[in-house]
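Close look at the chain arrangement
These are the residues of each chain, in order.
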Amino acid sequence: MEWDQLEQVGITNMVLAMAVDWDVVPNQTNAMRIRQLIAQCRRMGFPTERDALVFAACGLTSIDGFYLHPTVAQALNQAAQERQSVSSALQGFDDRFWSSLRTPIPSASTCL
């Protein structure tokens, strides 16, 4: 378990360095978010550093739990089963789709 945490330091720092371009502040809270995204990426069956970078980038620029969106989840699950990359799983989603994942949809309880 400790080795996994040490291994994540490099990836976390790479994502934090890139995240400045996305107006994400490089702080302890965002570092924790990145580590959680990397862990989720690995749990979903994507073992490479590139997979972790792409997954974390999507996670920082989208709503929390972007990977739970039904369409995204289906694409990621299929890619994991076929041993494809996160990039290949998400390549079919356009900017408009990703923009829709940046704004949380109000819950039914907040609608009047």
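Above this text is the structure in question.
Residues numbered from 1 in each chain as written. Predicted model: local features only at pLDDT ≥ 70, side-chain atom pairs only at ≥ 80, totals over all residues. Heavy atoms only, no water.

**Regarding the overall build of the protein chain**
The following threshold applies: To qualify as a helix, a DSSP run of H or I must reach at least 4 residues; to qualify as a strand, a run of E must reach at least 2; elements of each kind are numbered from the N terminus. Each residue gets one of three labels from its accessible area relative to the maximum for its type: buried under 20%, exposed over 50%, partly exposed in between, using a 1.4 Å probe on protein chains only. We call two residues in contact whenever any of their non-hydrogen atoms come within 4.5 Å of each other. Only the protein chains shown count as covering a residue, and every accessible area follows the Shrake-Rupley method with a 1.4 Å probe.
The secondary structure content of the protein chain amounts to 6 helices and 0 strands. Counting from the amino terminus, the protein chain carries its helices and strands in the arrangement α-α-α-α-α-α. The buried share of the protein chain, reckoned over its 112 residues, is 37%. Counted over contacts in the protein chain with a minimum sequence separation of 6, partners at least 24 positions apart contribute 58%. Here the protein chain displays about 7,400 Å² of accessible surface, and carbon together with sulfur accounts for 54% of that area.

**Notes on the packing of aromatic side chains**
Heads up, the rule is: Centres within 6.5 Å are what make two rings of Phe, Tyr or Trp a pair, Trp counting through its six-membered ring; a difference in plane orientation under 30 degrees is then read as stacked, over 60 as edge-to-face, and the rest as tilted.
Enumeration according to the criterion identifies 7 aromatic pairs in this entry. Relative to W98, the ring of F66 has its centre 6.2 Å away and its plane inclined at 55 degrees; by these criteria the two rings are tilted. Of this pair, F66 sits in the loop between α3 (49-61) and α4 (70-81) while W98 sits in helix α6 (residues 95-100), and the two are 32 residues apart along the sequence. Overall, the relative accessible area of 0% leaves F66 in the buried class. Here a set of aromatic residues connected by ring pairs shows up, and it is made of F55, F66, Y67, F93, F97 and W98.

**Quick notes on the pattern of salt bridges**
This is how it is decided: The salt bridge definition used is simple: a Lys or Arg side-chain nitrogen within 4 Å of an Asp or Glu carboxyl oxygen.
On inspection of all chains with the given rule, the structure shows 1 salt bridge. Close ionic contact of D64 with R33 constitutes a salt bridge, the shortest N to O distance being 3.8 Å. Taken together, the residues D64 in the loop between α3 and α4 and R33 in helix α2 (residues 28-43) connect sequence positions 31 residues apart. Its relative accessible area of 65% is what places D64 among the exposed residues. Using a relative accessible area of 25% as the deciding quantity, one classes R33 as partly exposed.

**As for α4**
As a reminder, the rule being used: The length a helix should cover is 1.5 Å for every residue beyond the first.
The first and last C-alpha atoms of α4 sit 16 Å apart over 12 residues, in line with the 16 Å expected at 1.5 Å per residue. Looking at the buried residues of α4, the elements they touch are α3, α5 (86-90) and α6. Within two residues after α4, R83 carries a phi angle of roughly 55 degrees, on the positive side.

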